[in-house]
Amino acid sequence: MSRVMEPPQKFLHSEWKHANRVHFGSAEAERARSERLSAECRRLIEESERSAKRMQQDANKRLEHRLTDIKFWRQELDQKLQEVVQEIEVLITFKNRVERALESCAEPLKATLDCLDERQKRVAIDLVNDEVERELLKEKDVIEGVMSLLQRTLEQIIEQIRLNRSAKYYLEKDLRDKFQAERIDDFCSMLTSTPASVEEQTGVAQFTAGGATVTPEEWESFSNTNISKAEKERNNSLSLRALVESLLEQTAADMRRQHDATGAALELRIQETRTAKAQLEDQLNKLLVEIANQEQNVDSLKVAIADKEDPLKVAKTRLLARSQRPSVELCYDSVHTRLLSEVQELTGHISRLQKALAQSDMELKALTRNQLALEEEIQVKSHSLYIDEVICSQLRQPIAIHNF
């Protein structure tokens, strides 16, 4: 049997009014909260919009300033790079000059050494340590000193070129980085808050999310350090070039001065040798005349001795014949006295003539020995003249010391 349903509960009028007031108040409060939330949201939207615009504008200004700074440092780096590149090219030119100077020293040194070797072939008394020998040795020392100095200078230039190229490398690397940074910041400055670039913005944000580890001061100091190092090396290079220019001028002048001094000493020695040779030849000619005279004198003495022998024989024969006179006829008369005197006088004449002949023979031999000595000495002088005037002069003739 089904249960009889009870009728719904009825509320009082006061309860009905209270319920209406509750629903009204709840709805009013909710609406007020909603209005306040909407107002807050609009304020937040406007504030975020203003903040976003402000931040973007600030970022744009900072990007603009950053681009200005990058362009400034890029110009500074590029200017310094051009100066360093130009300095490297000029220094390479100086390097080539020093190399040519070194090469040009080889021929004068070889000529000097050849002259020293050739002059060692002088003989007898002419193998003397004369002024030419001393000047040649001095010239050898000067050229070798110049070559040693040029070699050290060349090594300094090569090292300075290496340092300049090192500075150039860091400037170029910094410039490449600056160029890439400028390209990126320029790209960033062109980005706008449009839906089409949202994905690009997100991609860039992810790409650069590694985080910066260099402060602006360190960034500026890095480029400034590269420029300072490059300027330092450039100044060192300028100082080295001035030193090299002075050194090339001084070394060429030293070699030229010593070359002229050696040439003057050689010319003077040639004149001295010519004079000595001429004097020896003149003396030889006089000696030959005297030898001829002495030979005639010897011949005359021999003839004179021979001429006296016959009269002596006659006088002796007469004495011998008169000694055969008989008895009282063997008288010591004036004839006998004269014959004895004649024999004594003729014997004395022959003795003196023979003594003079012996002296003349000795003198003739001495003159002959002197002739041989003079002829030998003339040959020595001729040999020395050939070495100095022909060989050494021909070796030195092509040598010309020009400015390096």
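Worth saying up front: this structure is predicted, and the values here are computed from it rather than measured.

1. As for the nonpolar core
In terms of nonpolar packing, the biggest core is built from 21 residues, with Val98, Cys105, Leu150, Ile157, Val244, Leu248 and Met255 touching the most fellow members. Mapped by element, the contributors of at least two residues to this core are α1 (13–119), α2 (131–190) and α4 (216–322). Examining the composition of this core, we find that 8 residues originate from one element, α1, more than from any other. Grouped together as the second largest cluster of nonpolar side chains are 12 residues, Ile70, Val84, Leu175 and Ala230 included.

2. Side note on the packing of aromatic side chains
Under the counting rule described, the total for this entry stands at 2 aromatic pairs. When the ring of Phe72 is compared with that of Trp73, the centres are 5.3 Å apart and the planes differ by 75 degrees; the resulting orientation is edge-to-face. Overall, Trp73 belongs to the buried group, its relative accessible area being 10%. A centroid spacing of 5.2 Å and a plane angle of 75 degrees characterise the contact between Tyr169 and Tyr170, whose relative ring orientation is edge-to-face. Judged by relative accessible area, Tyr169 falls into the partly exposed class, the value being 43%. Just above the ring of Phe94 sits the side chain of Arg97; from NZ or CZ to the centre is 5.2 Å.

3. Some thoughts on the side chain of Asp174
Secondary-structure assignment places Asp174 in helix α2. Overall, Asp174 belongs to the buried group, its relative accessible area being 2%. When sequence neighbours within four positions are dropped, the list of residues in contact with Asp174 reads Leu77, Phe222, Ser223 and Asn226.

4. Some remarks on the packing of α1 against α2
Direction vectors running N to C along α1 and α2 enclose 165 degrees, while the axes themselves pass 6 Å from each other. Judged on the interaxial angle alone, α2 and α1 are roughly antiparallel. The two elements α1 and α2 meet at a crossing, and its hand is left-handed. Considering only residue class, the contact of α1 with α2 consists of 37 nonpolar, 6 polar and 21 charged.

Basis of the calculations
- Residues numbered from 1 in each chain as written.
- Predicted model: local features only at pLDDT ≥ 70, side-chain atom pairs only at ≥ 80, totals over all residues.
- Heavy atoms only, no water.
- Core = buried A, V, L, I, M, F, W, Y, C linked by side-chain atoms within 4.5 Å.
- Buried < 20%, exposed > 50% of the residue type's maximum accessible area, 1.4 Å probe, protein only.
- Helix = DSSP H or I, 4+ residues; strand = E, 2+ residues; numbered from the N terminus.
- Phe/Tyr/Trp six-rings, centres within 6.5 Å; stacked < 30°, edge-to-face > 60°.
- Lys NZ or Arg CZ within 6 Å of the ring centre and 35° of its normal.
- Contact = heavy atoms within 4.5 Å.
- Axes fitted to C-alpha atoms, helices over the stretch in contact; angles between N-to-C directions.
- Parallel < 35°, antiparallel > 145°, perpendicular 65-115°, else oblique.
- Left-handed = near helix turned anticlockwise from the far one by under 90°.
- Nonpolar A, V, L, I, M, F, W, Y, C, P; charged D, E, K, R; others polar.

Keep in mind that these numbers describe shape and distance, not what the molecule does.
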